[in-house]
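What the coordinates show
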Amino acid sequence: MKMKEGLLLREIAGEYVVIAVGKPELNFNRMLVLNESGALLFRKLQGGASGRELVDALTCEYEVTQEEAIRDVKRFLGRLTQAGCMEP
C-alpha cells in the first residue's frame, strides 16, 4: 500500500487537512479533513508504514483493542482509496 506523491498534511486552525500540490496529474481535487488519529495514520503512511504498523501505532497511542484498530485502519485506508490518495 502506497500513498500518491504530492499530498501534504497540514494543521490549519486546529484541524488537520490533506491537500494536493505540484502534481497536475494527481486525481485528487478536494481537501480532506482528518482527526488526530487520522493525522497519525497519514503521517505513518507517508513514512512507508505497513498495515500492521498502522494498527500498532493506534494501539500504542490510544486505548483501543487490536480488533478496533484493525477495523479503523481498514476504514481509513478505504476512505483514502475512495478519495484518490492511494496508488492503484
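Given the structure is predicted, the values throughout are model-derived calculations rather than measurements.

**Here's the deal with the overall build of the chain**
Helix and strand content of the chain: three helices and three strands. Listing each helix as α and each strand as β along the chain from the N terminus yields β-β-β-α-α-α. The C-alpha radius of gyration of the chain comes to 13 Å, within 12% of the 12 Å expected for a compact globule of 88 residues. Scored against the burial criterion, the 88 residues of the chain give a buried share of 35%. Surface summary for the chain: the accessible area is close to 5700 Å², and the carbon and sulfur share equals 48%.

**A closer look at the packing of helix α2 (residues 51–61) against helix α3 (residues 66–82)**
In the contact formed by α2 and α3, the axes pass within 9 Å of each other and the chain directions differ by 125°. With respect to their mutual orientation, α2 and α3 come out oblique. Where α2 crosses over α3, the two elements pack in a sense that is right-handed. Contacts between α2 and α3 involve Gly51, Arg52, Leu54, Val55, Leu58 and Thr59 from the first element and Gln66, Ala69, Ile70, Asp72, Val73 and Leu77 from the second. Looking at side-chain class alone, the contact of α2 with α3 contains seven nonpolar, three polar and two charged residues.

**Quick look at α3**
Given a rise of 1.5 Å per residue, 17 residues ought to cover 24 Å, and the 24 Å separating the end C-alpha atoms of α3 matches this to within 8%. Tucked inside the fold, the buried residues of α3 contact β3 (32–34), α1 (36–46) and α2. Of the residues flanking the end of α3, it is Gly84, one or two places downstream, whose phi is positive at about 85°.

**Structural notes on the confidence of the model for the chain**
Mean pLDDT over the chain stands at 89; residues scoring 70 or higher make up 91%. Looking across the chain, the model is least confident in strand β2 (residues 15–20), with a mean pLDDT of 90, and most confident in α2, with 97.

**Quick notes on the nonpolar core**
Counting 25 residues, the largest nonpolar core has Phe42 and Leu80 as the members making the most contacts within it. Contacts of Phe42, omitting those with residues within four sequence positions, involve Met3, Leu7, Leu8, Leu9, Val18, Leu34, Phe76 and Leu80.

**Some details on unusual backbone geometry**
At Ala13, a position not held by glycine, the phi torsion is positive, near 50°. The residue Ala13 is located in the loop between β1 (7–12) and β2 in this model. According to the relative accessible area criterion, Ala13 is exposed, its value standing at 81%.

Rules behind the numbers
- Residues numbered from 1 in each chain as written.
- Predicted model: local features only at pLDDT ≥ 70, side-chain atom pairs only at ≥ 80, totals over all residues.
- Heavy atoms only, no water.
- Helix = DSSP H or I, 4+ residues; strand = E, 2+ residues; numbered from the N terminus.
- Rg over C-alpha atoms; globule rule 2.2 N^0.38 Å.
- Buried < 20%, exposed > 50% of the residue type's maximum accessible area, 1.4 Å probe, protein only.
- Areas by Shrake-Rupley, 256 points an atom, 1.4 Å probe, with all protein chains shown as cover.
- Axes fitted to C-alpha atoms, helices over the stretch in contact; angles between N-to-C directions.
- Parallel < 35°, antiparallel > 145°, perpendicular 65-115°, else oblique.
- Left-handed = near helix turned anticlockwise from the far one by under 90°.
- Contact = heavy atoms within 4.5 Å.
- Nonpolar A, V, L, I, M, F, W, Y, C, P; charged D, E, K, R; others polar.
- Expected span 1.5 Å × (residues − 1).
- pLDDT = per-residue confidence, 0-100.
- Core = buried A, V, L, I, M, F, W, Y, C linked by side-chain atoms within 4.5 Å.

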